[in-house]
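Spelled out from the first residue to the last, the chains are:
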Amino acid sequence: MSVVVLGQGGDSPFLTIPFFLSAVSAGFPSPAQDYVEKTLNLNELLIQHPSATYFVRAEGDSMQGAGIFSGDVLVVDRSLQARNGDIVIASIDGDLTVKKLELSSVCRLLPCNPDYSPIVISTEEALELFGVVTNVIHSFR
Amino acid sequence: MYALVDCNCFYVSCERLFRPELNHKAVVVLSNNDGCVVARSPEAKELGIKMAVPFFEVREFYDRGELHVFSSNYALYGDISSRVMSTLEALAPAVEIYSIDEAFLDLRGMQLNYDLNRYGHQIKQRIHKWVGVPVGVGIAQTKTLAKLANYAAKHYPKTLGVVDLSAASWRSRLLKKTNVADVWGVGRRTAAKLYAEQIFTAADLAESDAEAMGKRYSVMLQRTILELRGIPCFNFAEQPTEKQQVLCSRTFSSRLTELPPLKEAVREYAVRAAEKLREEKGLARYISVFLRTNPNARFEVKYANSAAVTLPNPTCDSRVLMSIAVQLLEQIYLPGYRYMKAGVMLGDIQPHNSYQVDLFNPDLHSPKSQQLMKTLDEINQRYHRGVTFVGQGFEQNWSMQRQHLSPSYTTSWQDLRRVRC
C-alpha cells in the first residue's frame with residue numbers, strides 16, 4: 001500500500017491533525033513545506049451533512065468482515081437514502097444494530113461474519129433505519 | 001408569508017431518537033432537580049399526566065413500569081436543537097429562532113413559485129429524516145396566524161402535521177374553533193377580561209374594533225387583532241437582540257446551611273456565567289449574587305438577599321468574577337438558615353471590542369487575561385470540563401439532582417450511543 005501526503009492540518013475549532021508532525025527527516029528540511037497551501041480538517045473528509053451526522057460506537061464482532069471492530073466509532077449520515085449493499089444502523093425490536101443492507105427480491109440485514117445469520121425483514125416498509133454508515137474510525141493503539 | 005416550525009414534545013423526541021424502543025411508550029422529561037414534568041409523549045398524556053405536575057404525583061406510573069422518566073439533558077437538547085435550526089436555515093431564505101424547539105421562517109415572495117403546503121411537508125420530512133425528530137408546520141400571512149396554524153397542525157391528526165392558512169375559508173374555520181386564550185400573546189388574565197366582553201374565540205377577537213381594543217387593553221392586543229385578520233404587524237426579527245444580562249442560578253439538590261459549600265456553588269455559577277459571557281463576546285461591569293431560602297416552606301424562617309457591585313472596568317475573566325462573587329456572598333450570608341438557591345448575574349454588558357477604560361484602574365481585560373481565558377475555554381470544551389478552579393469544589397454535593405439523566409450521546413465521546421454488531 002502506498003501513501004500520498006495531502007497537506008497540513010490547521011488551526012480550527014475542530015479537531016485537526018498536523019500532517020507533517022511525524023514526517024521529520026533529521027538534518028534536512030522537507031522540500032514539500034514550501035508547497036503547503038491549505039490546512040486539512042478531518043471533519044471535511046468524514047462529514048458531508050453536519051446536522052444529519054451522528055457518531056455511534058460499535059460493540060460486537062458480527063461486522064468484522066466489513067472492517068468494523070468492537071469499540072470502533074462509526075460515522076452515521078441520516079440524510080442519505082439507503083441503497084443495496086450499504087452498511088446501515090437499523091432498529092430491530094427497539095435495539096440499534098449495524099448490518100449490511102440487502103435490498104433485492106428480499107429485504108435482509110446481513111452480518112459480515114459467518115458465525116452470524118442474516119435477519120429477514122418482512123417488507124421494505126417494516127425496515128426502521130437510523131442512518132447509513134459512511135466511515136469507520138478504528139484506532140490501532 | 002411566515003411559517004412556524006415547532007418540534008413535537010421536543011425533549012421526549014430527543015430522548016427517543018437514541019432509544020427507539022421507547023417509541024409508542026409513555027415518556028416524560030422532568031425539570032431541573034427532577035421537580036416537575038416539562039415534556040410528555042402523547043402516550044403519557046393519555047395516562048392523564050398533566051403539564052408541570054410534580055414528579056411525585058405521577059410516580060406510581062413509574063413505579064409500576066408504565067412510565068419512562070428522564071432528567072433534563074440540556075447538552076443533548078441543545079445539540080439537537082441546533083441541528084434542527086441549521087437544517088431549517090438550508091431550506092428557507094431566513095430563519096428566526098424563537099425558542100429551543102420553535103423557529104419562524106420568512107417565506108415572503110415564495111408563495112408565487114411554490115405550493116406552500118407541499119413545501120411544509122418537505123420541511124417536516126427533511127427534519128425527520130436528517131435530524132430524527134418530528135415537527136409540525138404552520139403557514140400563514142402573519143406570525144400570529146402561523147402560530148395558530150401550527151397549533152392546528154398538532155391537534156388535528158387529519159392535517160398530517162402541516163397546515164397552510166393562505167386560503168381565507170380555512171382561516172375563518174380555524175379562528176372559530178380556537179379559544180381566545182390560545183391566541184399568541186393573549187395572556188390568561190386578558191382572556192378572562194375578554195370572556196366578560198363576550199369574546200370567546202379567535203374569530204370574535206378578530207372581528208372586534210381593533211383601535212378601540214387597543215385603547216382599552218394595549219397596543220399589543222391591537223396588533224394581535226390585525227394579525228388575526230391577516231395584516232402583518234410583528235416583523236420578522238432578522239437579528240436577535242444582544243443580551244442585556246447573563247444569569248446562572250440553580251436550586252441545590254439539598255438545603256445548604258454552611259458557608260463553604262455555598263462558596264463552592266457561587267464560584268461554580270460565576271465561572272459558568274463568565275463562560276456564557278465569553279461565548280457572547282461580552283464584558284460585564286456589573287455583578288450581583290443572590291441567595292435565598294425556600295420561599296414556600298411553611299415552618300421555616302425565611303431569608304433572601306442579594307448584593308451587587310459595579311466594577312471600574314469591565315471583564316470576562318473567570319478568576320476576577322469568581323473572587324468578587326464570593327466576596328458578595330460573604331456580605332449576605334447569615335448562619336442559621338437552610339438555603340435553597342443561589343445565583344450569579346452579570347450585567348452592564350459591553351462588546352469586548354469597544355469599551356471604555358477607566359484610566360485610574362487596571363484594565364481587567366488585559367491580553368494576558370484574554371489568552372488565559374481562551375485557553376481555558378478550549379481545554380474545557382475539548383476535555384469536557386477538564387480544568388476547574390480549586391474553589392469550585394470537586395464533589396459538588398450541592399449540585400443538581402438528576403437521577404434519570406440520559407447519556408450525552410452527541411456531545412461526549414464517552415457517551416456515544418452503542419450499537420450492536
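Conventions adopted
Residues numbered from 1 in each chain as written. Chains lettered and ligands numbered in written order. Predicted model: local features only at pLDDT ≥ 70, side-chain atom pairs only at ≥ 80, totals over all residues. Heavy atoms only, no water. Helix = DSSP H or I, 4+ residues; strand = E, 2+ residues; numbered from the N terminus. Buried < 20%, exposed > 50% of the residue type's maximum accessible area, 1.4 Å probe, protein only. Contact = heavy atoms within 4.5 Å. Expected span 1.5 Å × (residues − 1). Phe/Tyr/Trp six-rings, centres within 6.5 Å; stacked < 30°, edge-to-face > 60°. Lys NZ or Arg CZ within 6 Å of the ring centre and 35° of its normal. Core = buried A, V, L, I, M, F, W, Y, C linked by side-chain atoms within 4.5 Å. pLDDT = per-residue confidence, 0-100. Buried area = accessible area lost by both parts, 1.4 Å probe. Salt bridge = Lys/Arg side-chain N within 4 Å of Asp/Glu carboxyl O. Polar contact = N/O pair within 3.5 Å; in protein donor to acceptor, adjacent residues only side chain to side chain. Pairing = 2+ DSSP bridges. Axes fitted to C-alpha atoms, helices over the stretch in contact; angles between N-to-C directions.

### What about the overall build of chain B?
For chain B, the count of helices and strands is 14 helices and 13 strands. Here chain B holds 421 residues, and the buried ones make up 48% of them. Sequence separation of 24 or more characterises 68% of the internal contacts of chain B that already satisfy a separation of 6 or more.

### Here's the deal with helix α13 (residues 318–332) of chain B
Compared with the 21 Å implied by 1.5 Å per residue over 15 residues, the 21 Å span of α13(B) between its first and last C-alpha is a close match. Every buried residue belonging to α13(B) is among B:S318, B:L321, B:M322, B:I324, B:A325, B:V326, B:L328, B:L329 and B:I332, and all of these are buried.

### Quick notes on the packing of aromatic side chains
Enumeration over the complete set of coordinates arrives at 20 aromatic pairs over all chains. Ring geometry for A:F55 against B:W413: centres 5.2 Å apart, planes inclined by 20°, an arrangement best described as stacked. Of this pair, A:F55 sits in strand β3 (residues 53–59) while B:W413 sits in the loop between α14 (367–382) and β13 (417–420), which puts the two residues in different chains. With a relative accessible area of 24%, A:F55 lands in the partly exposed category. On the basis of relative accessible area, B:W413 is assigned to the partly exposed category, the value being 46%. A ring pair is formed by B:Y11 and B:Y77, whose centres lie 4.3 Å apart and whose planes are at 10°; its orientation type is stacked. Within this pair, whereas B:Y11 is found in helix α1 (residues 10–17), its partner B:Y77 is found in helix α4 (residues 74–91), the two being separated by 66 residues in sequence. Here the two residues B:Y11 and B:Y77 agree in accessibility, since each one is buried. A connected cluster of aromatic rings, assembled from ring pairs, spans A:Y54, A:F130, B:F18 and B:Y409. Above the ring of A:F130, the side-chain terminus of A:R78 is found at 5.1 Å from the ring centroid. If you follow B:R173 out to its NZ or CZ, it ends over the ring of B:W170, 5.3 Å from the centre.

### Here we look at the nonpolar core
Among the nonpolar cores identified, the biggest contains 56 residues, and A:L74, A:I89, A:V98, B:I80, B:L88, B:L105 and B:L107 are the most heavily contacted of them. Here this core gets 6 residues from one element, more than from any other, and that element is α4(B). Other than its neighbours up to four places away in sequence, A:L74 contacts A:Y54, A:F55, A:V56, A:A58, A:I68, A:I89, A:V98, A:V133, A:N135, A:V136 and B:V419. Residues B:V246, B:V289, B:I324 and B:Y333 belong to the second largest nonpolar core, which totals 34 residues.

### Some thoughts on the confidence of the model for chain B
Residue and element names in this part refer to chain B. Averaged over all residues, the pLDDT of chain B equals 86, while 92% of them reach at least 70. Residue range residues 238–242 is modelled with pLDDT below 50. Its contacts to residues more than four positions away, or to other chains, number 1 contact. Both scores are available for the predicted complex, with the pTM at 0.70 and the ipTM at 0.76.

### Looking at the interface of chain B and chain A
Contacts between chain B and chain A engage 22 residues on the former and 32 residues on the latter. A buried area of about 2500 Å², summed over both sides, lies between chain B and chain A, and 54% of it is on carbon and sulfur atoms. For the chain B face of the interface with chain A, the top three residues by lost area are B:W130, B:V419 and B:C421, together amounting to 32%. A:D95 is the salt-bridge partner of B:R420, the closest N and O atoms lying 2.8 Å from each other. Applying the counting rule to chain B against chain A returns 21 residue pairs in polar contact (both at pLDDT 80 or more).

### Notes on unusual backbone geometry
The phi angle at B:C9 is positive, at roughly 25°, despite the residue not being glycine. Counting through the fold element by element, B:C9 comes out in the loop between β1 (2–7) and α1.

### Points about the sheet that holds strand β8 (residues 162–164) of chain B
All names here are of chain B. Spatially, the 5 strands line up as an open sheet ordered β5-β6-β1-β7-β8, and their pairing is mixed. Taken across any chain shown, the strands that pair with only one partner, and hence form the sheet edges, are β5 (94–99) and β8. Taken over all neighbouring pairs, the strand axes of this sheet differ in orientation by 15° on average, direction set aside. Here strand β7 (residues 135–140) pairs with β8 via 3 bridges, running parallel. Opposite V137, over in β8, you have V162 as the bridge partner.

### Quick word on the pattern of salt bridges
Opposite charge on two side chains permits them to pair, given that their charged atoms come into close proximity. Residue and element names in this part refer to chain B. Taken as a whole and judged by the stated rule, the model has 17 salt bridges over all chains. In this structure, E43 and R16 form a salt bridge, with 2.9 Å as the shortest nitrogen-oxygen distance. Of this pair, E43 sits in helix α2 (residues 42–46) while R16 sits in helix α1; the two residues are 27 residues apart in sequence, bridging distant segments of the chain. Residue class for E43 comes out partly exposed when judged on its relative accessible area of 21%. On the accessibility criterion, R16 (13% relative accessible area) is buried. With a closest N to O distance of 3.5 Å, R59 and D63 form a salt bridge. Taken together, the residues R59 and D63, both in helix α3 (residues 55–63) and 4 residues apart, mark about one turn of the helix. The partly exposed category is assigned to R59, whose relative accessible area is 37%.

### A look at the pairing of strand β6 (residues 102–106) of chain B
Residue and element names in this part refer to chain B. Within β6, 5 of the 5 residues are buried, which leaves it mostly tucked inside the rest of the structure. Where burial is concerned, the two faces of β6 agree: the one with E102, F104 and D106 and the one with A103 and L105 are both buried. Pairing of β1 with β6, which is carried by 5 bridges, proceeds in the antiparallel orientation. For Y2, the partnering residue across the bridge sits in β6 and is D106. Pairing of β5 with β6, which is carried by 5 bridges, proceeds in the antiparallel orientation. If you follow I97 over to β6, its bridge partner there is A103. Hairpin connection of β5 to β6: 2 residues between the antiparallel strands.

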